[in-house]
Amino acid sequence: MQTVTTPGLDAIAAKVRAGDRLSFDDGVALFRHPDVVAVGQLANEVRERLHGDRTYFNRNMRIEVTNVCVASCLFCSFAKLEEGAPGAHTMEHEEAWGELRTRMGDPPSEIHIVNGLHPGLPFSYYEELLAGFKRIKPDVHMKCFTAVEIHFFARHYGMTYAQVLERLRRAGLDSLPGGGAEIFHPEVRTRISHDKATADEYIEVHRVAHAMGMRTNCTMLYGHIETFEHRVDHLLRLRALQDESAKGGCGFQSFIPLAFHPDGNGMRNMPAPTAMDALRTVAVSRLLLDNVPHIKAYWVSMTPEVAQIALRFGASDVDGTIIHETIYRAAGSRSPSGLTVEGLVRLIQEAGRVPVERDTLYNVVREYPRASLPESALKVRDRNAKKHLEVVS
Ligand code: SF4
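A brief look at the structure comes next. (Residues numbered from 1 in each chain as written. Predicted model: local features only at pLDDT ≥ 70, side-chain atom pairs only at ≥ 80, totals over all residues. Heavy atoms only, no water.)

**So, the overall build of the protein**
And step 1. The secondary structure content of the protein amounts to 15 helices and 10 strands.
And step 2. Every one of the 393 residues in the protein was classed for burial, and the buried ones make up 58%.
And step 3. Summarising the internal contacts of the protein: among those between residues at least 6 apart in sequence, 75% fall at separations of at least 24.
And step 4. In the structure as shown, the protein presents an accessible area of about 16100 Å², 54% of it carried by carbon and sulfur atoms. (Helix = DSSP H or I, 4+ residues; strand = E, 2+ residues; numbered from the N terminus. Buried < 20%, exposed > 50% of the residue type's maximum accessible area, 1.4 Å probe, protein only. Contact = heavy atoms within 4.5 Å. Areas by Shrake-Rupley, 256 points an atom, 1.4 Å probe, with all protein chains shown as cover.)

Here's what the structure looks like:
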């Protein structure tokens, strides 16, 4: 394996190779280091130590059942303040369940649901929603409701976090997604997300879920008004909770860096983060979060092309087929709204990695062969070119 010798990185690289934990200052130095490729190579060493070439994906389906939301996050292009506002929608149960029914020919193993914070729905709406999906496909994994939503449910319906999670779990909830973390530090959070769960409340929801034996995921929305120090602070808070939860045998499965997208929201004058920033953030996350199994290159957020490169910068998962993503598309994402299994396998193989289809809890469904490069790419191109010639001739 190639080693990193770039000046300034050697002390950090020595710590990484010795298995020593990196500090706050190390994290900031990695974000500031001029050679992003060298930082990526170091993260790649860790990724290969943990997972070799294996790179995970799943067959999942995204649904947002309501975009009505009482909060007013500055970066959000998805939410509508009230029912009846232009573009506001709340699905009837049958409409939501119909999304799964239409896909039962090639069913997803996971349904991923995130929503706005709707003030007018009864709690039973969410319980029945989950129960209905399980009636259609009892073994589907329900990864639903961010910590921000769980906090809202607790406040709005007068329950503790544990009571909310227990009732949802009885209805079919299996794990929590990681959304809603944004940037924890109050200097940023009070400016971009002042009226939803605080950092401590987000962390507490995950702490309670972990104590109940529920797996969760975590995120960070980067590339807007935050500094590198804010990012490192955020990552270290997640690392601290993971240390705590690991003692009980549970915790975060993956960390997903989410790139800010500016279209149609209160920060539309800011540029989106660049590909290099996306790659650096994946790499530094891999190096700082030494206790989180996977760093995800979420292709919706960073585009499939950059996600593919991120597989050489520390990422070991690309999320899934998704099928129907709307939150990032509302914010101007140019990524497609879904990818096929074949497309994901090709993306991973041509990064020189081994595609592994997983379920939500990282049980292996199928391992694909490694592709030899650049042969596989050429074969696909030949095949496509041949098809094209057949069409035009
Ligand atoms: S990010 Fe979530 S909580 Fe914030 S306004 Fe949008 S939907 Fe509501």
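**So, the packing of aromatic side chains**
For any pair of aromatic rings, the description consists of the separation of the ring centres together with the inter-plane angle of the planes.
And step 1. Tallied over the entire structure, the rule returns 12 aromatic pairs.
And step 2. Ring geometry for Phe-123 versus Phe-153: centroids 5.8 Å apart, planes at 75°, classification edge-to-face. Within this pair, whereas Phe-123 is found in helix H5 (residues 123–136), its partner Phe-153 is found in helix H6 (residues 147–157), the two being separated by 30 residues in sequence.
And step 3. Under the relative-accessibility criterion, Phe-153 is labelled buried at 1%.
And step 4. An angle of 55° between the planes, with centres 5.4 Å apart, marks the rings of Phe-184 and Tyr-202 as tilted. Placement of the pair is Phe-184 in the loop between helix H7 (161–171) and helix H8 (186–192) and Tyr-202 in helix H9 (residues 199–211), with a sequence separation of 18 residues.
And step 5. On the basis of relative accessibility, which here comes to 1%, the residue Phe-184 falls in the buried class.
And step 6. We classify Tyr-202 as buried; its relative accessible area is 0%.
And step 7. These aromatic residues form a ring-pair network of at least three members: Phe-123, Tyr-125, Tyr-126, Phe-145, Phe-152, Phe-153 and Tyr-157.
And step 8. The lysine or arginine in question, Arg-135, covers the ring of Trp-97, its NZ or CZ lying 5.4 Å from the ring centre. (Phe/Tyr/Trp six-rings, centres within 6.5 Å; stacked < 30°, edge-to-face > 60°. Lys NZ or Arg CZ within 6 Å of the ring centre and 35° of its normal.)

**Some words on the environment of Tyr-126**
And step 1. With respect to the helices and strands, the residue Tyr-126 is situated in helix H5.
And step 2. With 47 residues separating them in the primary sequence, Tyr-126 and Leu-173 have C-alpha atoms 10.0 Å apart.
And step 3. Excluding anything up to four places from it in sequence, Tyr-126 contacts Asn-115, His-118, Leu-121, Phe-145, Phe-153, Tyr-157 and Leu-168.

**Focus: H9**
And step 1. Relative to the 18 Å expected for 13 residues at 1.5 Å per residue, H9 spans 18 Å between its end C-alpha atoms, a close match to the ideal helical length.
And step 2. Just past H9, the residue Gly-213 takes up positive phi, approximately 85°. (Expected span 1.5 Å × (residues − 1).)

**Quick word on the site of the ligand**
And step 1. In the vicinity of the ligand, the contacting residues are Cys-69, Ala-71, Cys-73, Phe-75, Cys-76, Phe-78, Ala-79, Gly-116, Leu-117 and Lys-196.
And step 2. Taken together, the residues of the shell around the ligand sort by class into 8 nonpolar, 1 polar and 1 charged. (Near = heavy atom within 4 Å. Nonpolar A, V, L, I, M, F, W, Y, C, P; charged D, E, K, R; others polar.)

**Side note on the environment of Asn-363**
And step 1. With respect to the helices and strands, Asn-363 occurs in the loop between strand E9 (354–358) and strand E10 (364–367).
And step 2. Among residues more than four places away in sequence, those in contact with Asn-363 are Glu-357 and Arg-358.

**A few points about empty space enclosed by the protein**
It is a probe the size of a water molecule, rolled over the atoms, that shows where empty space is left.
And step 1. One pass over the structure, following the stated rule, counts 1 cavity of 30 Å³ or more.
And step 2. Of the volumes computed, that of the largest cavity is approximately 40 Å³.
And step 3. The class makeup of the residues in the lining of the largest cavity is 1 nonpolar, 4 polar and 4 charged. (1 Å grid on protein atoms, 1.4 Å probe; cavity = no way out; pocket = protein on both sides within 12 Å on 5 of 7 lines; lining within 4 Å. Points joined across faces, edges and corners; volume = space filled by probe spheres on them.)

**Considering the environment of Ala-278**
And step 1. Checked against the element boundaries, Ala-278 lands in helix H11 (residues 275–288).
And step 2. A residue is classified by how much of its surface remains accessible, and Ala-278, at 4% relative accessible area, is buried.
And step 3. When the C-alpha atoms of Ala-278 and Ala-307 are compared, they prove to be 8.9 Å apart, with 29 residues separating the residues in sequence.
And step 4. Those residues in contact with Ala-278 that sit more than four places away from it in its chain are Tyr-222, Met-302 and Val-306.

**Description of the side chain of His-210**
And step 1. One can find His-210 in helix H9.
And step 2. Residue classification places His-210 among the buried residues on the basis of a relative accessible area of 4%.
And step 3. Those residues in contact with His-210, other than ones at most four positions away along the chain, are Thr-216, Leu-241, Ser-245, Cys-250, Gly-251 and Phe-252.

**What to know about the pattern of salt bridges**
And step 1. The tally for this structure, following the rule as stated, stands at 31 salt bridges.
And step 2. A salt bridge links Arg-21 to Asp-290; its shortest N-O distance comes to 2.8 Å. Linking Arg-21 in the loop between helix H1 (10–18) and helix H2 (24–32) with Asp-290 in the loop between H11 and strand E7 (294–295), this pair joins segments that are 269 residues apart in sequence.
And step 3. Taking the relative accessible area as the measure of exposure, Arg-21 reaches 35% and is therefore partly exposed.
And step 4. Overlapping salt bridges bring together Glu-48, Asp-53, Arg-312, Arg-353 and Arg-370 as one network. (Salt bridge = Lys/Arg side-chain N within 4 Å of Asp/Glu carboxyl O.)

**Re the nonpolar core**
And step 1. The biggest cluster of nonpolar side chains holds 115 residues, and the ones touching the most others in it are Phe-133, Phe-145 and Leu-168.
And step 2. With 7 residues, the top contributor of residues to this core is H11.
And step 3. With sequence-adjacent residues up to four places away left out, Leu-168 is seen in contact with Phe-123, Tyr-126, Glu-127, Leu-130, Phe-145, Ile-150, Phe-153 and Leu-173. (Core = buried A, V, L, I, M, F, W, Y, C linked by side-chain atoms within 4.5 Å.)

**Considerations on unusual backbone geometry**
And step 1. Despite not being glycine, Thr-303 has its phi angle at roughly 75°, a positive value.
And step 2. Residue position: Thr-303 is located in helix H12 (residues 299–310).
And step 3. A positive phi angle, close to 70°, is found at Asp-319, a residue other than glycine.
And step 4. Among the secondary structure elements, Asp-319 is positioned in strand E8 (residues 317–320).
And step 5. Look at Asp-319 and you get buried, because its relative accessible area is 4%.

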